[in-house]
Amino acid sequence: MALKFDTRFDPAYGKGVTIAPDVLRITAKNPSPFTFHGTNSYIVGRETLAVIDPGPYDEAHLRTLLEAIGTRPVSHIFISHTHRDHSPLAARLKQHTGAVVLAEGRHRPARPLRTGEVNPLDASADTDFVPDIALPDDMVIDGDGWAIRTVLTPGHTANHAAFALEGTGILFSADHVMAWATTIVAPPDGAMADYMTSLDRLIERDDRLLLPGHGGPVTEPRNFMRGLKTHRKMRERAILQRINSGDGTIKDMVEAIYRDTDPRLHGAAGLSVLAHLEDLVARGLVHTDGAPAIDGIYSPATQHTSDIIPPAPRPPGRRLPGRVRQGNR
């Protein structure tokens, strides 16, 4: 189905915007071609609060968060992933509030670096971040009048997580699904096969509203995510077509496929093509000597495999004692 992006968004810098009952959005003033108008932080709750993605290390944004919080206690700080536009402010916010910091884990690549490979995204990684509590999939954290479930969504990064606000149909989708643009999936930080699996998982859910890490809400999640999936499949076909027509390098493919894209984004586009090629090589649809690389030479494969082996089913959830619990929705 057709994919329509929604770029209408007022960041309302310096103040909070009520998005849903007991959900306030505050957008950091860090606009860029990759962050749109800036990073969205969310404050959840009425009396004792949770904060999702405090954002970049920015004192002005911290002041805005603290003004919105006021005298109310903050019990939890949730981190969706460890890029520098999402997690660095967690330490400063913890100093002010004493809240516990939760995330899937520390920053890590989706796969080991290959011999001689340099991670072009090192500068964007918050490698200093260490959560107080590592969140497994399907874990529910009970707060004061709210409960948040972890939905692990690797792809954009290996440690990416979305957070479902239980009983509301709201999912904080961070950088996995955004209304304004497609998600960057760039090896070795991210992996296309992981991203597509995570996207299928979110499509299967019944969320009514997605609140992303950048830009405005996604108001028809299933339709939009099906469009994202179709878009990725079309991009995959475009790459295969370029290879079949003789384009052997990622540079040549990007120049053809992304000719109408802002040239400032061509570097990220090349990494996205590499993510697709890693997947296509693993599935036997494309050939390259050795492991797929940004400077590799690619050609049509002589033998094809049907598709990625489906992941093993997740075990049923379990409920844990106390105020931390786990279970199937």
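Rules of the game
Here the residue numbering is sequential within each chain, running from 1 through the sequence in written order. A pLDDT threshold of at least 70 governs which residues receive local features in this predicted model, and a stricter bar of 80 or more applies before side-chain atom pairs are shown or counted, although totals over entire chains, interfaces and linings include all residues. With hydrogens and water excluded, all non-hydrogen atoms of the structure serve as input to the side-chain values. Strands here mean DSSP runs of E at least two residues long; helices mean DSSP runs of H or I at least four residues long; both are numbered from the N terminus. For a compact globule the rule gives 2.2 Å times the number of residues to the power 0.38, and the radius of gyration it is set against comes from C-alpha atoms. Remark: exposure states derive from per-residue accessible area (1.4 Å probe, protein chains only) relative to the maximum for the residue type, with buried under 20%, exposed over 50%, and partly exposed in between. Only when DSSP finds a minimum of two bridges between them are two strands counted as paired. Centres within 6.5 Å make a pair out of two Phe, Tyr or Trp rings, where for Trp the six-membered ring is used; the pair is then stacked when the planes are under 30 degrees apart, edge-to-face when over 60, and tilted otherwise. The predictor attaches a confidence to each residue, and that confidence, scored 0 to 100, is pLDDT. Residue contacts follow a heavy-atom distance rule, with two residues in contact if any of their heavy atoms lie within 4.5 Å. We call a set of buried Ala, Val, Leu, Ile, Met, Phe, Trp, Tyr and Cys residues a nonpolar core when their side-chain atoms join them within 4.5 Å.

### Brief notes about the overall build of the chain
Step number 1: A tally of regular secondary structure across the chain gives 6 helices and 15 strands.
Step number 2: In terms of C-alpha radius of gyration, the chain reaches 20 Å, essentially the compact-globule figure of 20 Å for 329 residues.
Step number 3: Each principal axis of the C-alpha atoms in the chain carries an extent, and together these give about 65 × 40 × 40 Å.
Step number 4: Taking all 329 residues of the chain together, the buried fraction comes to 53%.

### Looking at the pairing of strand S11 (residues 170-174)
Step number 1: By the criterion of burial, S11 is predominantly enclosed, with 5 of the 5 residues buried.
Step number 2: Burial along S11 is two-sided: Ile170, Phe172 and Ala174 facing one way and Leu171 and Ser173 facing the other are all buried.
Step number 3: Linking strand S10 (residues 161-165) to S11, which pair antiparallel, is a turn of 4 residues; within it Gly167 sits at a positive phi near 80°.
Step number 4: Bridge count for S11 against strand S12 (residues 209-212) is 4 bridges, and the pairing is parallel. By the bridge assignment, Ala174 is partnered in S12 with Pro212.

### Details of the packing of aromatic side chains
Step number 1: Per the counting criterion, the structure on display carries 6 aromatic pairs.
Step number 2: Plain terms: the ring middles of Phe36 and Trp180 are 4.4 Å apart, the flat faces sit at 10° to each other, and that makes the pair stacked. Separated by 144 residues along the polypeptide, Phe36 in the loop between strand S2 (23-27) and strand S3 (40-44) and Trp180 in the loop between S11 and helix H3 (192-204) bring together distant segments of the chain.
Step number 3: In this structure Phe36 comes out as buried when scored by relative accessible area, which is 15%.
Step number 4: Aromatic ring contacts, followed pair by pair, group Phe9, Phe36 and Trp180 into a single cluster.

### Points about the confidence of the model for the chain
A low pLDDT score tells you not to read the predicted coordinates there in detail.
Step number 1: Model confidence for the chain is summarised by a mean pLDDT of 91, while 91% of its residues fall at 70 or above.
Step number 2: Taken together, the stretch residues 303-329 has pLDDT below 50 and engages in 56 contacts with residues farther than four places along the chain or on a different chain.

### Comments concerning the environment of Pro73
Step number 1: Mapped onto the elements of the fold, Pro73 is located in the loop between helix H1 (59-69) and strand S5 (74-78).
Step number 2: Classification of Pro73 as partly exposed rests on a relative accessible area of 47%.

### Re the nonpolar core
Step number 1: One finds Ile52, Phe78, Trp146, Ile148, Phe163, Leu165 and Phe172 to be the most contacted residues of the largest nonpolar core, which totals 20 residues.
Step number 2: Where this core is concerned, the elements lending two or more residues are S3, strand S4 (49-52), strand S8 (139-142), S10, S11 and S12.
Step number 3: Looking at which element gives the most residues to this core, the answer is S10, with 3 residues.
Step number 4: Beyond its immediate sequence surroundings of up to four residues, Ile52 is in contact with Asn40, Ser41, Tyr42, Val44, Phe78, Ile148, Phe163 and Phe172.
Step number 5: Core analysis: the next-biggest nonpolar cluster, separate from the first, contains 19 residues, Ala162, Ala164, Leu202 and Leu210 among them.

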